[in-house]
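Structure at a glance
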Amino acid sequence: MRLELRLDEGTGSWRQHSSGGDRLIVKNVGIQSRIGLDVWQCNGIPADVADLHTQLMSILTTSSGLVDVAHTLAGTIWGSSLCVVVDGRTGDRLFLPDVAHSVRLFYRHSKKGVLLDTELANLLRGDALEWNINFLVSFATTQFGISGQTPFAGIHIVPPGCALLVSSSGMIAIEKIWPANNREASFPSAVERVYSHLGRSVSDVVLALSGGVDSSSSAIFLRQAIGPDVPLRAIHFYTSLSPDYHEKCFAEKISSTIGAELIPIDIESYLPFKLTRTDKPPIVLSQEMMFIATNRAIQAEIGKEATILEGEGGDLLFHAVPDVDVIEDAFLDGGVRTALQTASKLARLHNGSIPRLVVMAALRRIRQHLPLSNKIVPVGIGDEIIDTHNALSWSLDLPPNRCYSSFDRLVKALDSFLEITDPAGTRSLKRINPLLAPPIVDAALGLKPHESFSEENDRIVLRQLAAQFCNSDVIWRRTKGSFDAGILRGLQAHQEQYLSLIDNGVLMDMGLITRSRIVDALRKVAVGQSSAGITLALIGCIEIYCASWKDYLAEPSATYSIASELNT
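Below, the structure is looked at part by part.

What counts and what doesn't
Residues numbered from 1 in each chain as written. Predicted model: local features only at pLDDT ≥ 70, side-chain atom pairs only at ≥ 80, totals over all residues. Heavy atoms only, no water. Salt bridge = Lys/Arg side-chain N within 4 Å of Asp/Glu carboxyl O. Helix = DSSP H or I, 4+ residues; strand = E, 2+ residues; numbered from the N terminus. Buried < 20%, exposed > 50% of the residue type's maximum accessible area, 1.4 Å probe, protein only. Arc of directions from axis to C-beta. Axes fitted to C-alpha atoms, helices over the stretch in contact; angles between N-to-C directions. Parallel < 35°, antiparallel > 145°, perpendicular 65-115°, else oblique. Contact = heavy atoms within 4.5 Å. Nonpolar A, V, L, I, M, F, W, Y, C, P; charged D, E, K, R; others polar. Left-handed = near helix turned anticlockwise from the far one by under 90°.

Observations regarding the pattern of salt bridges
Two side chains of opposite charge can pair, provided their charged atoms sit close to one another. Counted according to the given criterion, the structure contains 15 salt bridges. The partner of Arg459 in a salt bridge is Asp214, and the shortest N-O contact between them spans 2.9 Å. You can see Arg459 sitting in the loop between helix 13 (438-445) and helix 14 (460-469) and its partner Asp214 sitting in helix 5 (residues 213-226), a full 245 residues away along the chain. With its nearest N and O atoms 2.7 Å apart, the salt bridge here joins Asp551 to Arg277. Note that Asp551 is positioned in helix 19 (residues 530-553) and Arg277 in the loop between strand 14 (261-266) and helix 7 (292-302), a separation of 274 residues in sequence. What makes Arg277 partly exposed here is its relative accessible area of 35%.

What about helix 2 (residues 66-74)?
Residues of helix 2 that are buried include every one of Leu66, Val69, Ala70, Leu73 and Ala74, and no others. Here the buried residues of helix 2 occupy an arc of 135 degrees about the axis, which is enough to place them on one side.

What to know about the packing of helix 4 (residues 187-201) against helix 13
At a minimum axis separation of 8 Å, helix 4 and helix 13 run at an interaxial angle of 170 degrees. With respect to helix 13, the axis of helix 4 lies roughly antiparallel. Taking contact as the criterion, the partners of Phe187, Ala190, Val191, Arg193, Val194 and Tyr195 in helix 4 are, on helix 13, Pro439, Ile440 and Ala443. The residue makeup of the contact of helix 4 with helix 13, split by class, is 8 nonpolar, no polar and 1 charged.

Notes on the packing of helix 18 (residues 515-526) against helix 19
Look at helix 18 against helix 19: their axes get within 8 Å of each other, and the N-to-C directions meet at 130 degrees. Regarding the angle of helix 18 to helix 19, the classification is oblique. Between helix 18 and helix 19 the crossing geometry is left-handed. Contact residues: helix 18 offers Ile518, Ala521, Leu522, Lys524 and Val525, while helix 19 offers Ala532, Gly533, Leu536 and Ile539. When grouped by side-chain class, the residues that make up the contact of helix 18 with helix 19 number 7 nonpolar, 1 polar and 1 charged.

Here you go:
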């Protein structure tokens, strides 16, 4: 969807154009011209507006302004929607894309106004391509970009959980809308709402089963929602060369339990960097750039019309591998007794020492009162490979000298995760992650962290609810570890393609990396150094992203410039 604010016509004048699969599902609703509301369904997850219809008049009559309306909307609608709220008195507008980031809203300034679009390509056509160096370096060194920015200079994005407020004079402000720390919601009710809605509105669902707790629980919830007789398929990636080969057995067990046909795919034939171009320009710079061959193999197996239901996010929301922060949460909730009980439980879970955990919790609390460092926290060996001199001029967007609660840190981690998750419906392979749907996130954030685990296992609330419907021993397995051996093998197996990608890439052209440093890092990968592999993989993702966009914008079909309409 394209929205233009023209400032060359006296007062601000808006133009609105729908495109693709966008359609109005709530149209021109308002009270005495004070506040108006349109809700657009965009490509992706069918929007759940059941609660919105029952509360709409109350929302518009009792809200004090646009931001107040947005806060209420965030708790009543979810799915791939874009809400446009208008103040009839001032002409100001508020744009609220799905708070869980299944719809992206991009914007840029031009000589004669502001241009907003849910399609990134529409803001790029016709203009000289200019990369956002800071964003690229941030991703290469931390695996995350810069919130509110994109890999393209001058093009911004509304961050997860935020709304964009645009005045009639073209002034822009970002408002954090979601999630809030004062909502109380029933976790079982939230799961029932989300999975029942998906069961009714999404056809040909294919489960992504890793063999872990999150994906297994998600599969159980969907089966419960659609009933026992609806055919269901599931996919599972495995490799006999990895430590996780036994995960296939867990995936087979859970698929058999819920009556789903399991499609196993051996990833050894589709290792990272086998392919270095996407079939359409990617919206998000993420680690998915490595797995183009894998995604095409999935599509060949399940068909183009299928929707993959993933189970990611449970480890974040339900505190997989809880750390010492839960001791402080317990103290604030129930005092010393609760804190010591939590420390004892945590010690048994991690086979640790109670006094040591208590001391660590105290030190963590003290450090939170110290000013935050402006340095980014690197992953891998990015500081050895990438010349960041004069490249990073930005700092953390959180002010120093503030004590951050576990809720603040969790929201920050959630936002970062959502930012590198592809919006639903924008790729050839459609994916939906129901555990990150706003109703479930709100309910999960209302749970007490120190009650999220037992002496034997983490994510207790998630496991217990899944076990009510299907008490498989897979649900009660211990948390599995992660491995990156596939990435290392992919870099070695496809080294020539990788080096060709780097030699012709933007980072080399900008002087941020050299071939000798890349070759040295590849030697470290050859002897199994994971940190080198992580950084090389992130660099490769950047180059695939940039090359795919350059190829797309060079096509004759991309020469027509929607964005240039603002300049004529």
